[in-house]
2 protein chains.
Amino acid sequence: MTPAAVADGPSVLAALRDALGDAVVTDATRLDAARADKSGHRSAAAPLAIVEARSIEDVQSTMRIATSTRTPVVTRGAGTGLAGAAMASAGEIVLSTLAMDRVLEIDEDDLVAVVQPGILNGAFNDLLGERGLWFAPDPASRAISTIGGNIATGAGGLLCAKYGVTRDAVLGLTVVLADGRAIRTGHRSIKGVTGLDLTALMVGSEGLLGVVVEAVVRVKRRVEGTIATVACFFPDATSAARASSAITAAGVQPAVMELMDATSLLAVDALLGTSMGESDTAHLVVQTDGPAAAEEAASVLATVESLGGRAELTTDVAEGERLLAVRRAMHPAMERLGTTLIEDVSVPRSALPAMFAAIADVEQRFGVTIPTVAHAGDGNLHPNFVFEGDTVPDHIWAAADALFTAALALGGTLTGEHGIGVLKRRWLADELGDDQVDLQRGIKAVFDPLGILNPGKVFDPLVVR
Amino acid sequence: MTPAAVADGPSVLAALRDALGDAVVTDATRLDAARADKSGHRSAAAPLAIVEARSIEDVQSTMRIATSTRTPVVTRGAGTGLAGAAMASAGEIVLSTLAMDRVLEIDEDDLVAVVQPGILNGAFNDLLGERGLWFAPDPASRAISTIGGNIATGAGGLLCAKYGVTRDAVLGLTVVLADGRAIRTGHRSIKGVTGLDLTALMVGSEGLLGVVVEAVVRVKRRVEGTIATVACFFPDATSAARASSAITAAGVQPAVMELMDATSLLAVDALLGTSMGESDTAHLVVQTDGPAAAEEAASVLATVESLGGRAELTTDVAEGERLLAVRRAMHPAMERLGTTLIEDVSVPRSALPAMFAAIADVEQRFGVTIPTVAHAGDGNLHPNFVFEGDTVPDHIWAAADALFTAALALGGTLTGEHGIGVLKRRWLADELGDDQVDLQRGIKAVFDPLGILNPGKVFDPLVVR
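Residues numbered from 1 in each chain as written. Chains lettered and ligands numbered in written order. Predicted model: local features only at pLDDT ≥ 70, side-chain atom pairs only at ≥ 80, totals over all residues. Heavy atoms only, no water.

(A) Just the packing of helix α9 (residues 237–249) of chain B against helix α11 (residues 293–306) of chain B, in detail. All names here are of chain B. With their axes 9 Å apart at the nearest point, α9 and α11 run at an angle of 140 degrees to one another. One way to sum up the angle between α9 and α11 is to call them oblique. Classified by chirality, the crossing of α11 by α9 is right-handed. For the pair formed by α9 and α11, the contact residues are Ala243, Ala246 and Ile247 on the first element and Val300, Thr303 and Val304 on the second. Tallied by class, residues from the contact of α9 with α11 come to 5 nonpolar, 1 polar and no charged. (Axes fitted to C-alpha atoms, helices over the stretch in contact; angles between N-to-C directions. Helix = DSSP H or I, 4+ residues; strand = E, 2+ residues; numbered from the N terminus. Parallel < 35°, antiparallel > 145°, perpendicular 65-115°, else oblique. Left-handed = near helix turned anticlockwise from the far one by under 90°. Contact = heavy atoms within 4.5 Å. Nonpolar A, V, L, I, M, F, W, Y, C, P; charged D, E, K, R; others polar.)

The following block contains the structure:
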C-alpha cells in the first residue's frame with residue numbers, strides 16, 4: 001500500500017515551507033515526540049516534518065503537496081491514542097490539527113455545537129458546562145484528548161451504555177480529502193438520510209479516509225437530579241463482574257459502572273498514595289443519575305449486598321468524583337510500571353464474568369499478570385500487559401492473542417474504543433473475515449487512491465490483497 | 001450504471017427456478033404490485049420475477065445467478081417505502097425478504113435481539129412488549145413496514161429526538177453481497193470500532209450495497225412512569241411550530257411532538273369521520289414519558305398557554321394513543337386525495353417556524369396546497385403535494401424544488417427518514433456536492449462492481465460521472 005515517494009524529503013519540505021511558512025516544524029525533539037502516542041510504543045524513525053495547521057486552508061495546502069509529491073500523511077491531534085494510529089515514521093508528514101481548537105458555535109436551542117478538531121474534550125465540556133450543557137462522549141483521557149481524535153478513533157468512555165458512543169454524537173463533518181478537496185458530510189438536523197452515511201463512516205476511520213477539520217456535534221442538557229455513587233468491594237474480579245451483570249439485569253441503567261481488579265487497584269494506590277486495594281479486593285463503582293438516581297442506587301446497593309459484596313453509597317458529588325478519579329488514574333498508574341500493551345476487547349455484558357475467567361486462565365497459562373479494568377456497564381475491558389522496552393515480547397503477543405480469541409468466542413470484538421492502529425492490525429481479519437477486509441480496503445482506495453493517508457495503519461501492509 | 005444483461009429473461013428465469021423452485025413467483029398481479037411502493041408512484045413496466053427468499057441461502061443463490069447473468073436485483077420488504085427505492089421495473093429480479101420474518105433471539109440481559117429482515121416493526125414490538133421491552137425506531141408505518149426496510153432507508157419516526165434514529169439501534173448485520181458471498185458487520189457488544197463502520201454505512205443504503213439478511217439490534221426496557229399527552233390547538237402551523245421550539249427551548253425533551261397543519265387535520269377528519277379540524281386550526285400533540293413526565297407535561301401546558309394556544313392534558317394511555325392515531329392516519333388520508341409526492345425535509349428544529357413560513361410562500365407562488373405534518377421535536381417535515389395520475393406534473397416538481405431549496409438554505413436536508421429512491425435523486429448533488437457524490441458512487445462500485453444492486457436508485461443514471 002505504501003506508495004513510493006516521487007519527491008525527496010528536502011523538496012517536500014521546501015514545498016511545505018513555501019506554502020505554509022512557520023507552520024512547518026522540523027525541531028528534532030518535536031519530530032521525535034511524534035514517533036509515539038500514549039500506547040507507549042514508538043515508530044522506527046522520526047517523521048519528515050510536522051505541519052501545525054491553523055485553518056482548513058492549511059490542511060488543504062498540506063494535502064495538495066502530499067498528493068503531488070506522493071508523501072504519506074499522519075493526521076494527529078494530542079497524540080493520546082492507545083493503538084499507534086497517530087505514530088509517524090520516516091518520510092511522513094505529521095498533519096497536526098491541535099492548533100485548530102476553537103468552538104465555532106454553540107446552539108442552545110438546537111443542542112448542536114460546531115467545533116474544530118483540536119479542542120480538548122475536557123475544555124469543550126468546560127465551555128458547555130457554563131451553559132448547562134455537556135458533550136456525552138467521555139473517554140477516560142478526556143482532559144488530554146481532542147474531539148478530532150475522539151472522532152478518528154470512535155472513542156468510547158465511561159458513559160456509553162446510557163449516553164451513547166461517539167458515532168451517535170456526531171451529526172456532520174467537514175473533511176479534507178487526500179487531494180486537498182473538502183466535502184461536508186451529514187447535517188445539523190437530528191435526522192438526515194441523504195445518500196450513504198459518510199459521517200458515520202468517518203467516525204473511527206483512524207486517519208485512513210480524510211482529515212476531519214470541523215464537526216457538528218450533538219450536545220445535551222445537563223442531567224438534573226441527584227448523582228448517586230455506590231462504591232463496592234468484592235473478593236475478586238469475577239464476582240464483581242457477576243454483580244455488574246446482576247445490576248443491569250435488575251433493570252438499572254447506570255450512567256457509569258467501572259470495574260477494577262485487585263492488581264489495578266494496587267497500582268493506582270501506588271500512584272495516588274491511597275490505600276483502597278488489597279491483594280484480594282476488586283472494586284466496582286456505580287453511578288446513577290437523573291430523576292430515578294436514588295431509587296436506582298438503592299437497587300444497586302441491594303443487589304451488591306445480596307451477592308456478598310461490601311458497598312457504600314454517597315450522593316455527595318465531590319465524593320463521587322473522587323471515587324471515579326481512581327478509575328481515571330488507571331492509565332498513568334500503568335505507565336509507571338513499564339511499557340503497556342492495552343487490550344480493549346468488548347463483549348456482550350452478560351459475558352463479562354466469563355471474560356474475567358478467561359483472563360485469569362490466560363494469566364496462568366502464560367505466566368503473566370494482566371491488570372484489568374472494565375467499563376462493566378457496556379462489557380468493554382482493558383486488560384493491560386506490562387513489559388520493558390519498546391518492543392512487545394513474543395510471549396506477550398501470544399497471551400494477547402489468546403485473550404482476543406477468547407473475547408471473539410464470547411461474541412466480542414477486538415477493540416471497543418481504541419481502534420486498530422498498528423498494534424491490533426494482526427487480528428483485523430480474524431474478526432472481520434477476509435471478504436470484509438477486502439471491502440474496507442476498497443473503500444480506503446476510493447478515498448485515497450495513492451495510499452498516502454496514514455499508510456500501514458489498520459490494514460497490515462505486509463498482507464498484499 | 002445499468003449493466004447490459006448477458007442472459008435473456010427466460011434463461012434467467014430458468015436458472016432461478018432451477019435453484020429456488022417455487023420461491024420464484026411470476027404471477028402477473030404480483031409482478032405488477034412490485035412496480036409500486038407507498039409513494040403512489042409506479043415503475044415503467046413489471047419486473048421479471050419475484051424471489052420469495054426463505055433463507056440466507058436463498059438470497060445467496062439469487063445473487064449468484066444475478067451476478068452470473070448480470071441481472072439487476074431490487075431488494076424489497078413490505079413495499080411501504082415512500083421514495084421509490086423498492087419499485088422494480090423491466091428485466092429486474094425482485095428479491096423479497098418478507099418471508100424471512102423470524103425473531104431469532106431476544107436477550108433480556110444484554111438488551112439485544114437478533115432478527116430476520118422481514119419481520120414487521122409492529123410485530124417485533126408486540127413480541128418484545130410481552131417481555132417489557134421495545135425497539136425504539138418507530139416510523140409512522142410501523143404496523144406495515146419491516147425492520148429490513150427500516151434499516152435500508154434509515155427510517156425515522158416519532159421518537160427520534162429522545163430515543164434515537166435507526167442507525168443508533170443497529171449493532172451488527174449479516175449482509176449478502178452482490179456476488180452471493182455473506183459478511184458479518186459490527187458486533188453485539190455496545191461498543192466496537194474494529195475497522196471501518198460498515199454497519200452504519202449499510203443503514204440507509206437503500207439496497208445499493210448488499211442485502212441485509214439478519215440484524216443484531218439494541219432493544220430497550222419499557223419506560224416506567226406516567227405517559228402524559230398534551231393536545232394543543234393553534235390558529236396556524238407557524239404558531240404551532242413556534243410553540244414546539246419554545247417547548248424544547250424550555251428544557252423539555254418530549255418523547256413525541258407531532259404537528260399537523262389545518263389541511264392535514266381536515267383530511268384526517270374526512271378519513272376517520274372525526275371533527276377535530278377547522279380551516280384555521282393547527283394541531284400539536286406532545287407526549288412526555290419517564291420519571292419526569294408529569295412535570296414536563298405541566299411545563300408544556302404552561303408554554304402553550306403563554307403563547308395563546310389551547311391545550312388539554314391527559315395521562316390516560318388509551319386517550320393518548322387515540323390522539324397519536326390521528327397523526328398515524330395522515331398517510332392513508334393523503335392517499336385518498338390522489339397521488340402524493342411526499343417531501344421529507346428536515347431542518348434544525350429552531351428553524352421549524354421559518355420552514356413553515358417558506359411552505360406558505362411556496363403555496364402562494366405556485367398556486368398549490370401543501371398539507372404538511374412535522375415531527376416537530378426533531379425538525380422533520382412532511383409537506384405533501386397531491387395530484388392526479390402516475391406522473392408528477394412539472395409545476396409540482398418546481399414547487400418541490402423551491403421547497404427543498406428553502407430547507408437547504410435553513411441548514412436542512414433533503415430527506416430526514418424516507419431516503420432518496422428515485423423521487424429525490426434529482427436533488428442529491430445539490431445537497432452533497434459533486435465531490436461527495438463521486439465518493440459515494442465509488443463506494444457503491446466497491447460493493448457492486450457490475451452495478452446490479454438496485455440500479456438507477458439514489459444516483460441518477462442519466463448523470464454519467
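Structure shown, so let's carry the discussion forward.
(B) Geometry of the interface of chain A and chain B. Listed as interface residues are 77 residues of chain A and, on the opposing side, 77 residues of chain B. Three residues stand out in chain A for area buried against chain B, namely Lys191, Thr194 and Leu196 of chain A, and they jointly supply 15% of the buried area on that side. For the interface between chain A and chain B, the tally reads 8 salt bridges. Taking the shortest distance from any N to any O, the salt bridge between Lys191 of chain A and Asp378 of chain B comes out at 3.3 Å. Joining chain A to chain B, the criterion identifies 35 residue pairs in polar contact (both at pLDDT 80 or more). Elements supplying a minimum of two residues to the side of chain A that touches chain B: α6 (160–163), α7 (166–169), β9 (182–186), α8 (198–202), α9 (237–249), α16 (428–432) and α17 (434–447) of chain A. (Buried area = accessible area lost by both parts, 1.4 Å probe. Salt bridge = Lys/Arg side-chain N within 4 Å of Asp/Glu carboxyl O. Polar contact = N/O pair within 3.5 Å; in protein donor to acceptor, adjacent residues only side chain to side chain.)

(C) Examining the packing of aromatic side chains more closely. Residue and element names in this part refer to chain A. For the structure shown, the criterion picks out 8 aromatic pairs over all chains. When the centroid spacing of 5.4 Å and the interplanar angle of 55 degrees are considered together, the rings of Phe124 and Phe135 count as tilted. Note that Phe124 is positioned in helix α4 (residues 121–129) and Phe135 in the loop between β7 (133–134) and α5 (147–153), a separation of 11 residues in sequence. With a relative accessible area of 2%, Phe135 lands in the buried category. Both rings, one in Trp134 and one in Tyr163, keep their centres 5.0 Å apart while their planes meet at 85 degrees; by these two values the pair is edge-to-face. Of the two residues, Trp134 is situated in strand β7 and Tyr163 in helix α6; the sequence distance between them amounts to 29 residues. A single burial state applies to Trp134 and to Tyr163, both of which are buried. Connected via pairs of aromatic rings, a cluster forms that spans Trp397, Phe404 and Trp427. Its end group placed over the ring of Trp397, Arg426 keeps NZ or CZ at 3.7 Å from the ring centre. (Phe/Tyr/Trp six-rings, centres within 6.5 Å; stacked < 30°, edge-to-face > 60°. Buried < 20%, exposed > 50% of the residue type's maximum accessible area, 1.4 Å probe, protein only. Lys NZ or Arg CZ within 6 Å of the ring centre and 35° of its normal.)

(D) Representation of the environment of Val217 of chain A within the structure. All names here are of chain A. Within the secondary structure layout, Val217 lies in strand β10 (residues 211–218). By relative accessible area, which is 0% here, Val217 ends up buried. If we skip the residues at most four places from it in the chain, Val217 touches Leu111, Val112, Ala113, Phe124, Phe135, Ala169, Val170 and Leu171.

It is worth stressing that arrangement in space is one thing and function is another; only the former is reported here.
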